[in-house]
Amino acid sequence: MSSMLQDISEIGTSLNALSTMINEIEELGSRYRNVSRVFLVGAGSSYYASMYAASHALHAKLSKCTCALPSSEFLFNYSRIINSSDLVIAVSRSGETAETLEALSRAKANGAATVMLSISRGGGLGFIDNYLTLNIGPERSLVMTKSFVALSAAALVLMGSILNINVNYGESMKALVDCINRLLNNSELVGRLSETVGEWVNASISRFVFLGHGSSYPLALESALKFQETSYAATQALNTLEFRHGPVATIGERQVVVIINQVNSMSDAANRLFHELSDRSKGTDTRILMVTNSNAKGNGIINVECETGLEEFDALALITPIYLLAYYNAVKRGIDTEKPRGLVRVVKNF
């Protein structure tokens, strides 16, 4: 089994391990309930995990100013507005990402409180007040999958505690683990994903557009990145309804449009867009796919049964089939996922 596929198969296990740390994460978050603003930073997939966690602030009706930024953007621009009433949370798989460490250092120099979330053991850096290591074990592949899910979930729980949101994260995470394990053990669904990719490859499709809304928008960005990293494909990620404002002109070209549609206030609009695009693309080289936890059925719909009691966790379950699509797309194109071109485990310079 390839390292990427093995990591994907361990997503549920990593979340089970993370669930034992929920009290610790919530206790850490409770220390920062008096901060005025929260900035979450990261690079690549870690930035998208930060965006995902920041979306949880909507449950607190934006009781604090909460912003997720790429570490480099924060470092060179936003750090100048940081002061002692702020908290900066960094997300990094390695804990060694150059821009992220420098962002925390700059924040601390300006008086802010600082937290690092990582799956790697670290510490001893004077500009990090609290270093939280997630006990999910190492990730074998250069491509982030299980660490993205774990870091996203942990950052969300941390934000929930800071914002004092009344949610039983332990119960919701247990339900999320059940959703993901059910999907991974569903041989019929996994086979369908593989067959779908086979059709894409036979049709010489190498462009992919991912659409998401709310907490699934950062998942659309993460999905686009995974297809870039594994298949070197041309990809784009947009808010779901933004596709209507210009990019809809590309319907008919050789591409796949994937709508990530978790059940929330916007899911009906996303479902209507799916059917509209499916009608427009008939007889063309465009394929339309929807990954959803709704009860929608039909051609072009991948249904992931998941109700965790928390909208964001429902959305997080939807990244798993997309990881499998990315893996199969690379393998069926003859690309070695063990050695993705140009990738390194840690970016230590910028």
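See the structure printed just above.
Rules used throughout
- Residues numbered from 1 in each chain as written.
- Predicted model: local features only at pLDDT ≥ 70, side-chain atom pairs only at ≥ 80, totals over all residues.
- Heavy atoms only, no water.
- Disulfide = S-S within 2.5 Å.
- Helix = DSSP H or I, 4+ residues; strand = E, 2+ residues; numbered from the N terminus.
- Buried < 20%, exposed > 50% of the residue type's maximum accessible area, 1.4 Å probe, protein only.
- Salt bridge = Lys/Arg side-chain N within 4 Å of Asp/Glu carboxyl O.
- Pairing = 2+ DSSP bridges.
- Axes fitted to C-alpha atoms, helices over the stretch in contact; angles between N-to-C directions.
- Contact = heavy atoms within 4.5 Å.
- Right-handed = clockwise from strand over helix to strand, strands pointing away.
- Phe/Tyr/Trp six-rings, centres within 6.5 Å; stacked < 30°, edge-to-face > 60°.
- Lys NZ or Arg CZ within 6 Å of the ring centre and 35° of its normal.
- Polar contact = N/O pair within 3.5 Å; in protein donor to acceptor, adjacent residues only side chain to side chain.
- Parallel < 35°, antiparallel > 145°, perpendicular 65-115°, else oblique.
- Left-handed = near helix turned anticlockwise from the far one by under 90°.
- Nonpolar A, V, L, I, M, F, W, Y, C, P; charged D, E, K, R; others polar.

Counted by the stated rule, this structure contains 1 disulfide. Note on cysteine connectivity: C179 is disulfide-linked to C306, with sulfurs 2.2 Å apart. Handedness here is read from the sign of the S-S torsion; for C179 and C306, about 95°, the answer is right-handed. Here the residue C179 occupies a position in helix α8 (residues 169-184), and C306 occupies one in the loop between β10 (301-303) and α12 (311-317), the gap between them amounting to 127 residues. C306 matches C179 in its accessibility class, with the two residues each being buried. No disulfide involves C67; its nearest neighbouring cysteine sulfur is the one of C65, lying 6.6 Å away.

In total, this model carries 16 salt bridges according to the counting rule given. E27 is paired through a salt bridge with R31; the nearest N and O atoms lie 2.8 Å apart.

Next up on the list: the sheet that holds strand β6 (residues 207-212). Pairing in this open sheet of 5 strands is parallel, and the strands run β7-β6-β8-β9-β10 from one edge to the other. Both edges of this open sheet fall to β7 (234-239) and β10, since each of them pairs with a single strand only. Sheet twist, expressed as the average angle between the axes of neighbouring strands with direction ignored, equals 15°. Where strand β8 (residues 255-261) lies against strand β9 (residues 286-292), 7 bridges are found, and the strand directions are parallel. By the bridge assignment, Q255 is partnered in β9 with T286. The sheet contacts of helix α10 (residues 217-231) involve β6, β7 and β8, and relative to β7 the element is tilted by about 180°. Running at roughly 145° to β9, helix α13 (residues 319-332) makes contact with β6, β8, β9 and β10 of the sheet.

Quick look at the pairing of strand β3 (residues 86-91) now. When you tally the buried positions in β3, you get 6 out of 6 residues, the bulk of the element. Here β3 shows a buried face lined by D86, V88 and A90 and a second buried face lined by L87, I89 and V91. When strand β1 (residues 37-42) meets β3, the two strands line up parallel, connected through 5 bridges. Pairing of R37 across the sheet is with D86, part of β3. Where β3 and strand β4 (residues 113-118) come together, 5 bridges link them in parallel fashion. Residue I89 lies in a different strand from β4, and its bridge partner there is V115. With helix α6 (residues 98-109) bridging β3 and the parallel β4, this β-α-β connection has right-handed handedness.

Turning to the sheet that holds β3, a few remarks are in order. Judged by pairing direction, the sheet is parallel, and its 5 strands sit side by side in the order β2-β1-β3-β4-β5 without closing on themselves. In the strand order of this sheet, the two ends are held by β2 (65-70) and β5 (130-133), each with one partner. In this sheet, neighbouring strand axes are inclined to one another by 15° on average, regardless of whether the strands run parallel or antiparallel.

Located in the positive-phi region is N164, a residue other than glycine, with phi close to 60°. One can find N164 in the loop between α7 (146-162) and α8. The exposed category is assigned to N164, whose relative accessible area is 54%. With a phi angle near 60°, S204 is a residue other than glycine that sits in the positive phi range. Within the element layout of this structure, S204 appears in the loop between α9 (187-202) and β6.

Next up on the list: the packing of aromatic side chains. Inspection of the entire model under this criterion finds 7 aromatic pairs. Where F210 meets F227, the ring centres are 5.2 Å apart and the plane angle is 50°; that geometry is what we call tilted. With F210 in strand β6 and F227 in helix α10, this pair connects stretches of sequence that are 17 residues apart. In this structure F227 comes out as buried when scored by relative accessible area, which is 1%. Three or more aromatic residues joined by ring pairs make a cluster, and in this case those are W200, F208, F210 and F227. The side chain of R341 reaches across the aromatic face of Y232, ending 3.9 Å from its centre.

Tracing the backbone shows T286 in strand β9. At 2.5 Å, the side chain of T286 forms a polar contact with the backbone oxygen of E253. Residues contacting T286, with those up to four places away along its chain left out, are T250, I251, G252, E253, Q255, V257 and S281.

It is at 9 Å that the axes of α9 and α13 come closest, and there the two elements cross at 45°. Between α9 and α13, the angle is such that the two are oblique. α9 and α13 meet at a crossing whose hand is right-handed. From α9, V190, L193, S194, V197, G198, W200 and V201 reach across to α13, where they touch P321, L324, L325, Y328, N329 and K332. A per-class count over the contact of α9 with α13 returns 9 nonpolar, 3 polar and 1 charged.

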